[in-house]
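Given next are the chains, with one letter for each unit.
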Amino acid sequence: MNSEWIKLNVGGIIHHTTRTTLMKDENSMLFRMFSYNDYMTPGRMEDGCYLIDRNGRYFEPILNYLRTGQLTYDTNLSPEGILEEARFFGLDELSYELQKIIDKKEEPKNIDDTTPLT
Amino acid sequence: MNSEWIKLNVGGIIHHTTRTTLMKDENSMLFRMFSYNDYMTPGRMEDGCYLIDRNGRYFEPILNYLRTGQLTYDTNLSPEGILEEARFFGLDELSYELQKIIDKKEEPKNIDDTTPLT
Amino acid sequence: MNSEWIKLNVGGIIHHTTRTTLMKDENSMLFRMFSYNDYMTPGRMEDGCYLIDRNGRYFEPILNYLRTGQLTYDTNLSPEGILEEARFFGLDELSYELQKIIDKKEEPKNIDDTTPLT
Amino acid sequence: MNSEWIKLNVGGIIHHTTRTTLMKDENSMLFRMFSYNDYMTPGRMEDGCYLIDRNGRYFEPILNYLRTGQLTYDTNLSPEGILEEARFFGLDELSYELQKIIDKKEEPKNIDDTTPLT
Amino acid sequence: MNSEWIKLNVGGIIHHTTRTTLMKDENSMLFRMFSYNDYMTPGRMEDGCYLIDRNGRYFEPILNYLRTGQLTYDTNLSPEGILEEARFFGLDELSYELQKIIDKKEEPKNIDDTTPLT
């Protein structure tokens, strides 16, 4: 039904996906952006490509998540950067998963409680 | 015979390869997608390019594997992300190899059984 | 009002954003570059794209910062490189944040003051 | 003489170089592929671009090597992946250098032969 | 005066910069390549883009250096690869800075001169 292809220009990087993928999470802002009757639909270029003024590379793990239900991202990508986008697009579960990863990373390492040599 | 060139748009990233490469594993979903008589053939753009709504960068090690029979991928790529795609495209051997790598990574490190100083 | 789309060619890399984003910091050079009545407006290509003779990849975290108010960048990007651009574009707060990160990185590690075994 | 420019599409990534560079190693398969009288010449697209069904990013260090005589590659690139391509293109010296790097990496680390505390 | 825009195709990667930037170091080969009266000017494509048969990604820190006077490059880039290009383009100061970084990296780590436990 909604398998219509969508071309997105996110901050200069082109992504191709389907409307179904973008509307996967009904409570998200992305759902509203790509619903037919919503005033939140992003502007379009002459070739029909939607323009979104956000980071295009951090949008990739967001699309991955919508496609597969899994959070996977390359080791050089900043989870804080992805979180910023997940929040903007109103993806609550994904934001929660990312927040957990960031909290864990920042947690102080346990100092080994070594008994002194006597 | 099947050395026909195929242009793929995987989530916005363009890959060029041959039908022979895509049909290397007869039990895979990719084989079916690029067989001539299958209803699973992906949709095409006006220029003949096939559209696949999956991650285009993780598709690269999958193409490498089909071309060379070897699993090689860059150190910044997430093996979990590649596994997700390998499963989607029904590449069982590749999925198995990736699962082994992920299991090994998560295995707890052996704590050195150091004899106490006495 | 200023949600007009702007196409930038920064050293060969294309970024799409809005005039609002580029004019976020009123004290910045970027603000002046994209104000309507300023002689600092960069030159344009035939297709209307603005040309800026700076590094296009380091410009990405700068755009992120203007869009979200957060400094986030990938682990492989050099903070010194981003700082150079933040200074060029007259973004003082961002420069300050980056300088703090660089100072912290270069700080000598504390040598553990271990008491000798006797 | 052979400074003619060649456009290559290696698995979807475009490289520009000269025939001289591609024919640097007379014993390689690449030499044969770009000799005038050889049946191994790759197929071409309408715009004259040669199509090669191999990994385009691993082809970069191979071109570097032909251009400069030095093996240099980015730290995130997999040497096993480059080796696979070096072998395919019949570059024996480069394959040998890469094999040495891989062997060294996999070599077990020497366990410090510490004399026990008594 | 020389703020004329130049489009470069370095091994397949496009860079945009000005003639002023390329002619920053009067003793460099790049200066000669982009002087008006020199036979070393690179060949051009139909669209006026200059073709240079070198690595396009390592050319990025070289452009950064010419633009800002600072050597900054991403952590995944090989300094040996950048040095190779700096030498080719006759940038002596930059080559010297890179050589220092490489020498430092290869320097053997000092083995802690620990007094034996007695």
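Look above for the structure.
In what follows, the accompanying structure is described. (Residues numbered from 1 in each chain as written. Chains lettered and ligands numbered in written order. Predicted model: local features only at pLDDT ≥ 70, side-chain atom pairs only at ≥ 80, totals over all residues. Heavy atoms only, no water.)

1. Observations concerning the sheet that holds strand β2 (residues 13-18) of chain B
All names here are of chain B.
Right, so step 1: Pairing is mixed in the open sheet, where 3 strands are placed in the order β2-β1-β3. Only two strands of the sheet have a single neighbouring strand rather than two, namely β2 and β3 (50-52). For this sheet the average axis-to-axis angle between neighbouring strands, irrespective of direction, equals 30°.
Right, so step 2: Seen against the sheet, helix α3 (residues 59-68) touches β1 (5-10) and β2 and runs at an angle of roughly 10° to β2. (Pairing = 2+ DSSP bridges. Helix = DSSP H or I, 4+ residues; strand = E, 2+ residues; numbered from the N terminus. Axes fitted to C-alpha atoms, helices over the stretch in contact; angles between N-to-C directions. Contact = heavy atoms within 4.5 Å.)

2. Examining the interface of chain A and chain B
Right, so step 1: Counting residues at the interface gives 18 residues for chain A and 20 residues for chain B.
Right, so step 2: Here chain A and chain B share an interface that buries about 1500 Å² over both sides, 47% of which is from carbon and sulfur atoms.
Right, so step 3: At the surface where chain A touches chain B, the tally comes to 3 salt bridges.
Right, so step 4: Residue D74 of chain A pairs with R57 of chain B through a salt bridge whose shortest N-O separation is 2.4 Å.
Right, so step 5: Linking chain A to chain B there are 15 residue pairs in polar contact (both at pLDDT 80 or more).
Right, so step 6: Those elements that provide at least two residues to the side of chain A that touches chain B are β2 (13-18) and α3 (59-68) of chain A.
Right, so step 7: Here the side of chain A that touches chain B takes 5 residues from β2 of chain A, the largest share from any one element. (Buried area = accessible area lost by both parts, 1.4 Å probe. Salt bridge = Lys/Arg side-chain N within 4 Å of Asp/Glu carboxyl O. Polar contact = N/O pair within 3.5 Å; in protein donor to acceptor, adjacent residues only side chain to side chain.)

3. Considering the packing of helix α4 (residues 79-88) of chain C against helix α5 (residues 92-106) of chain C
All names here are of chain C.
Right, so step 1: Relative orientation of the contacting elements α4 and α5 amounts to 155°, with a least axis distance of 9 Å. Here α5 runs roughly antiparallel to α4, going by the angle between their axes. Once α4 is placed against α5, the crossing between them reads as left-handed. Mapping the contact onto sequence places P79, E80, I82, L83, A86 and R87 in α4 and L94, S95, L98, Q99, I102, K105 and E106 in α5.
Right, so step 2: In terms of residue class, the contact of α4 with α5 is built from 7 nonpolar, 2 polar and 4 charged. (Parallel < 35°, antiparallel > 145°, perpendicular 65-115°, else oblique. Left-handed = near helix turned anticlockwise from the far one by under 90°. Nonpolar A, V, L, I, M, F, W, Y, C, P; charged D, E, K, R; others polar.)

4. As for the relation of the copies chain A and chain B
Right, so step 1: The transform that puts chain A on chain B rotates by 72° and translates by 0.0 Å along the axis, for an RMSD of 0.0 Å. Interpreted geometrically, this transformation is the action of a five-fold axis. Residue N76 of chain A of chain A places its C-alpha closer to the rotation axis than any other residue of that unit, at 5.1 Å.
Right, so step 2: Of the residues that chain A buries at the interface, just 17% are likewise interface residues in chain B, meaning the two copies contact each other through different surfaces. (Least-squares fit on C-alpha atoms with pLDDT ≥ 70 in both.)

5. Examining helix α3 (residues 59-68) of chain E
All names here are of chain E.
Right, so step 1: Counting buried positions along α3 gives 10 out of 10 residues, so the element sits mostly inside the fold.
Right, so step 2: By the burial criterion, the buried members of α3 are F59, E60, P61, I62, L63, N64, Y65, L66, R67 and T68.
Right, so step 3: Looking one or two residues past α3, G69 carries a phi angle of roughly 80°, positive in sign. (Buried < 20%, exposed > 50% of the residue type's maximum accessible area, 1.4 Å probe, protein only.)

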